[in-house]
Amino acid sequence: MGSAEEMHGWSVKMSISSVLAMVTVFSMIPGWVLSDIRGTKGLEAQQMAQGSTHLHRRLKRGWIWKQLFVPEEDPTLRVIGQLKSDSDRGEFSIKYILSGEGAGDVFEIDEYSGEIRTLKKLDREEKAFYVLQAQAINRRSNEPEEPQSEFIIKVQDINDNVPQFQNEPYVSSIPEMCPTGTTVAQVTATDADDPMFGNNAKLIYSILQGEPYFSVEPKTGIIVTSWPNMDREAREEYQVVVQVKDMLGMSGGHSSSTTVTVSLTDVNDNGPTFQHHLYTFAVPESAAMGTTVGRIMAADGDTGINARMTYSLEDDLEESSTFIIQTDPVTQEGVVLLAKPLDYETKRRFVMAAEAVNDHVDTRYLPLEEFTDRTTLKIVVEDVDEPPVFISPHYEWKVPENAAVGSVVGSVSARDTDTVNNPIRYSIDKRSDSTKAFKIDPNNGTITVAKALDRETSDWHNVTIEAKETSWCRSRLNCSAVSLHHHHHSLQLSLSQNHLSSSLVVFIKVLDINDNVPRLARDYQPYICEGTQAGELIQLLNAVDPDDPAEGHHFYFSMVPEKHINPNFTIRDNQDNTAGIVARRSTFTRKDRTQYLLPVVVADSGSPALSSTTTLTISVCSCQPAGHCPTGGVEALALSIGVSLQTLLGLLVCLVTLTVLSVLMLMLRRHRRKQQEGLEVEVKELELPETVSQKVLYYGELGGGGADLDFCQPVVPLRPHPRRKERKLRREDVRASIRMSLRESHLIGPEDEVFRQFILDRLAEADEDPYVPPFDCLRTYAYEGSGSPTGSLSSLDSLEIFPEQPVRTPRPYVVKLTPWYGTGEEDTVF
C-alpha cells in the first residue's frame, strides 16, 4: 500500500503546535481506517438508495479529516483543524458546512478553506466531547461532493478542580480503652477532573491534626486509632483534621481538608469509691417513718449504666431494720431512711456499715472486687420531750343505764416515756361530754358516773380523755440550770414546761334495762259497722317500746281483768307482737248505742315486766257498701283528724247537695205561699219534737218498668186546697200525743203506737183527698233518735208544711236518707 497521501490524495495543513501534531498523527491512523470503512458503507448505502446496479463497487473515501482535540479553559480562539475534500482544487468551488453539537455556537468552519475554529472557552467538566457532522457541496451544481460524515472533537482535561469531601460533617465514636488499629471512620473525597487523563484526579489522604492518637490510610481515607488505652475520663473528645490532595500529592496539585469529631464512649473501667470513711448523722427520736436521715455518695468516674450502683446496710440483726438505704436514680446517692420509730430512752446511737456495688461489672477492665467499696455510718438519736403515752390504745366499757351516780366505769393509765418521767394528770374534754355524764379522777384516771344515764337518749358515749404532763421543774432556778446544761435540748424543755398532752377516746356503751312501758303504736280510732258479724276483726293493734332487749321485743295484749266478761268485744293476741279487736256479737246498731269504751292492756317481756292501759273508743257506724264510715252526719265525728282525700271529697259533695236541696225547698215554699194567698184558713204544719223528722221520698215509675228515685212529677195543673180545719185539729192531737210519749220514754221508735197511728192518718188523708194529682207519692216519716250529738236533721219543726202537690221542676239530685232499719240495701246516699 503506498503512503497515505498516495492512497487518498489528502493535503493536511497544521495549525497547532508540533506536540499536538504528533499526537494527531498517531491517533489519525485508526481514525482513517474507521472513517474509510464508514465512508465506504455510506457510499454503498447511497448507491443502493439511487438504484445503482454496481452494488459491489468500493469507492474510496473522499473526505480528509482527523480526530480533533481542544484544551479546556483555553481563552485563545484558534484553529483546531481543517476538513478538505479531494475534489477541492483550490478554486473555492466547494462549500463546507458544519452541523451537530456546538456548531455555530462553540465551533465554526470556514466554508471556503474548511478550517474549524473555536468560538469560546470550553470546560471539560461541563462537556467532555462534541459530535459534529461535515458536508461538502459543489457551489455550481449545489450537489454534495462528498457524503455527509461525522467526527468528534474532544475537550482535553487540565487540573482545574479541587477535590471535595462528601457526607460532611464527620462524627464518630469509639469505646474508650479500645486497642490500636480500631477503625474510627472513613472519609471520602471526589475530584471532578478526568481520572483517565494523567494524575489530575488521583487523590492522597493525610492527617493534619490528631496525631499520635489517630492515623489515616492514604488511598482509602480510613481513620484508625494509633494510641493504646485512650481514657474517656482523661479526655472524652478529639478533633481529627484530614487533608486530601490530587496529583498524587505532588506539587502543583489541589488540596482540601475536613474535620472528624471523635468521641470516646464509656466502659465500666472505674469502680465506686467513698470519699469519707465515716458519715455521721443526727435524727430526733420523734422523726416519722420514712424521714430522710442523710445521704452518702460513692464517686464513680463512669457515666450512664456503668455508674449505676446499689447501696446496702450491714449491721447486727436487731438494728438492720431500723434504717434502710435506697439509691437515688438521678444523683446515684445513697439515701438513708428511717424505717422504724426511734426511742431515745431505749437506744441513742446506731453504727453500721454501708456498701456500694456497681450494677454492671466488666472484668475486662477491672477485677471483680474493685467494683465494690464500703464506709461506716453513725446515726445519733436526739432526745425529744414526748407527750404521755396511754398504756392501752383502746378502751371500751359497758355500764347499765340504771347505774348509780358514783359508780366506777373504768380506768385509763398513761405514762411519760421521757427519762424525767413527769407525773400525769387526767381530764375529760368537755366537748366530747356535753351532758357531763361522767367525771374522772385527775390523779389515777378512774372514770365514774356523774349523772343518771338513759340508754333511750344516748346508747353510746365517746369520751375524749386527755393526759397532760405536769412540770418537772420545781423552781425556776432548777429549770434554768438544766436548760444551761442541756442547751441542745432547750426546745424539748420548753415544750415540757408547756405541758405536753395526749388524748384518747374511750367508748362507753350504755346497757339497756326495762324502764319504759310499752304503748300502742298510734292513736287508734276503731269503728264497727252495724252489719258486723260476731267474730269479725275490727282493728289490728301494734305496740312500741323504747327499750331494746337483747332477745327482742315480745308484747302481750289483754283486756282489763274484771269480774264480768265484756259481752261486746274481746282482744285476740296473735303472738307476733300484734293483737286484734274482735266483735263478740252481731247486734250492733246506732239506735242502741253509738260508742263503746274498750280498755287495752299491753305488757312487755322484761324483767320485771311493765305494762300500760289504753282505753279505745269504738264507734258504731252505718257503713257504706265499701266498708267505711260515711263522712256526713253523726259518723263524721268518729273519724280521725287525718281523714283521707276521698272522704273529704265525699263530704264536700254532700254539702253541695244539701245546699242545692235547701234552695229548691225554699223555692217550693215560696210557690206554695203564692197559691194559698186566697185561702181564708191558713194551714199550719204539725209541730213534732226534735227527735222526730218528716222526710218525703218520691218514687216514679219510668217507661221501662224499672223503679227510679225521683220527685213527684204532676201530670195535671195544680189546684189550690180547700180549708182543712179538721186536719189541723187532728195533727195537733197527734203532736201532743207524741210529746206525751217522749216524756215517758226515750226509746220511741217506728214500733210505737203513736207512730203507727200517725202513719195511718196520713195514709187515709192521702187516699181521701180529691185534690191530689193523679199519681202516687210516697212519704216516709223517719225517726232520727234522741242521742245524736249533732241534733236532729228533721224538718218537722219548721213553721210550714210542704205542699202535697210538688211544683214542676227540673230533675234535681236524689237524696237517700237514713232508713228505718240499717240494712245493706237502704244506705243513705246524697
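Report follows, based on the coordinates. Values in this document were obtained by computation on a predicted structure and should not be read as measured data. (Residues numbered from 1 in each chain as written. Predicted model: local features only at pLDDT ≥ 70, side-chain atom pairs only at ≥ 80, totals over all residues. Heavy atoms only, no water.)

So, the side chain of Asp 194
- Position of Asp 194 relative to the elements: it lies in the loop between β13 (189-190) and β14 (204-209).
- Buried charge without a partner: Asp 194 forms no salt bridge, and the closest opposite charge is Arg 124, 4.2 Å away.
- At 3.0 Å, the side chain of Asp 194 forms a polar contact with the backbone nitrogen of Met 196. (Helix = DSSP H or I, 4+ residues; strand = E, 2+ residues; numbered from the N terminus. Buried < 20%, exposed > 50% of the residue type's maximum accessible area, 1.4 Å probe, protein only. Lys, Arg positive; Asp, Glu negative; His and termini not counted. Salt bridge = Lys/Arg side-chain N within 4 Å of Asp/Glu carboxyl O. Polar contact = N/O pair within 3.5 Å; in protein donor to acceptor, adjacent residues only side chain to side chain.)

Regarding the packing of aromatic side chains
- Under the definition given, this model contains 13 aromatic pairs.
- Relative to Tyr 205, the ring of Phe 165 has its centre 6.3 Å away and its plane inclined at 50 degrees; by these criteria the two rings are tilted. Of this pair, Phe 165 sits in strand β10 (residues 164-165) while Tyr 205 is found in strand β14, placing the two residues 40 residues apart along the sequence. Across this residue pair, the class does not change: Phe 165 and Tyr 205 are buried.
- Their ring planes at 75 degrees and their centres at 5.6 Å tell us that Phe 569 and Tyr 596 sit as a pair that is edge-to-face. With Phe 569 in strand β41 (residues 569-573) and Tyr 596 in strand β43 (residues 595-603), this residue pair connects regions lying 27 residues apart in the sequence.
- Residue class for Tyr 596 comes out buried when judged on its relative accessible area of 5%.
- Feature note: the residues Tyr 213, Phe 214, Trp 227 and Tyr 238 constitute an aromatic cluster, connected by ring pairs.
- One residue, Lys 347, lies across the ring of Phe 350, its end atom 5.3 Å from the ring centre.
- Taking NZ or CZ as reference, Arg 585 lies 3.9 Å from the ring centre of Phe 588, over its face. (Phe/Tyr/Trp six-rings, centres within 6.5 Å; stacked < 30°, edge-to-face > 60°. Lys NZ or Arg CZ within 6 Å of the ring centre and 35° of its normal.)

What about the state of the cysteines?
- Applying the stated criterion to the full structure yields 1 disulfide.
- Each sulfur in the disulfide pair Cys 529 and Cys 623 lies 1.8 Å from the other. Linking Cys 529 and Cys 623, the disulfide has an S-S dihedral of approximately -90 degrees and is accordingly described as left-handed. One end of the pair, Cys 529, is in strand β38 (residues 527-529); the other, Cys 623, is in the loop between β44 (611-621) and α5 (645-675), with 94 residues separating them in the sequence. One exposure class covers both Cys 529 and Cys 623, and it is buried. (Disulfide = S-S within 2.5 Å.)

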